[in-house]
Amino acid sequence: MANLAVLASGNGSNFEALVKAARAAGHVAVLLICDRPGAFVLERSARLGVPSVLVSYASGNRSGRNGDRARLDGDRVRRDGDIAARRLAAEMEITTALESAGADLVALAGFMRLLSPIFVTRWRGRLINIHPSLLPAYPGTDAIRRAWEAGESTLGVTVHYVDEGMDTGPVLARAEVGRQDRLEATEQAIHETEHSLYSRVAVELLDALDSEAVSR
Ligand code: GRF
């Protein structure tokens, strides 16, 4: 038995698929971390009985202040510093929650934040992500629509370890999805493939972590 934690920001269909697959394989979904109050994934976690922690990246907003150029530049520098400091604080909160929950594997599932190198280093080899394209093609947001509008006949899904880059870590698995007539149908086919591919890879990793712990 190994412990799965998930970081998600939105709908949470991958979160739900992961929780069900992990449980069916005898593992435990120990924690959901969410950064968006009101995200539907929080309702899913309550329904599935997975403990959740809502982490805030927010603070006071300095934008929109009037002033001269030097003052605005100073505001920008302070704002950038604030963003970095807030990210660091939020990530420390996340790591503390993951450690308290005993997370063995951490899966990003539509978590809309870039993670710092410090966080990535702390969880390297145990931090995975799903991306709705055949990486390295179409990293970043809106990948399905961009691939579809580019006329790709084969789209797909990639599960990879997370490194310091944007959707760049070592690939664990890929699955191709054929283009459908409509974008919406293509999106649906991709999401269905995501759920099965991500569940399979996560369970394989949880099984491996479990065997490592037993043999130690
Ligand atoms: C998925 O398409 C995933 O690949 C991407 O964000 C989306 C999350 O969907 N990283 P959901 O919240 O799991 O339904």
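Residues numbered from 1 in each chain as written. Predicted model: local features only at pLDDT ≥ 70, side-chain atom pairs only at ≥ 80, totals over all residues. Heavy atoms only, no water.

Caption draft 1: Region of the structure containing the site of the ligand. The local shell around the ligand consists of N11, G12, S13, N14, G110, I130, H131, P132, H191 and E194. A distance of 2.7 Å separates an oxygen atom of the ligand from a polar atom in the backbone of G12. In this structure, E194 approaches the ligand through a side-chain N or O atom, which is 2.2 Å from an oxygen atom. Expressed as a share of its isolated accessible area of 370 Å², the protein-covered part of the ligand is 83%. Mapped onto the shell around the ligand, the elements with two or more residues apiece are α1 (13-24), β5 (127-131) and α6 (183-215). Looking at the shell around the ligand residue by residue, the classes come out as 2 nonpolar, 7 polar and 1 charged. (Near = heavy atom within 4 Å. Polar contact = N/O pair within 3.5 Å; in protein donor to acceptor, adjacent residues only side chain to side chain. Areas by Shrake-Rupley, 256 points an atom, 1.4 Å probe, with all protein chains shown as cover. Helix = DSSP H or I, 4+ residues; strand = E, 2+ residues; numbered from the N terminus. Nonpolar A, V, L, I, M, F, W, Y, C, P; charged D, E, K, R; others polar.)

Caption draft 2: Geometry of the pattern of salt bridges. In the structure shown here, the tally under the stated rule is 10 salt bridges. Across the pair R44 and E16 runs a salt bridge whose closest N-O atoms are separated by 2.8 Å. Of this pair, R44 sits in helix α2 (residues 40-48) while E16 sits in helix α1, and the two are 28 residues apart along the sequence. E16 matches R44 in its accessibility class, with the two residues each being buried. The salt bridge partner of E184 is R182, with a shortest N-O separation of 3.4 Å. A cluster of three or more residues bridged by salt bridges with shared partners is formed by E16, K20, R44 and R47. (Salt bridge = Lys/Arg side-chain N within 4 Å of Asp/Glu carboxyl O. Buried < 20%, exposed > 50% of the residue type's maximum accessible area, 1.4 Å probe, protein only.)

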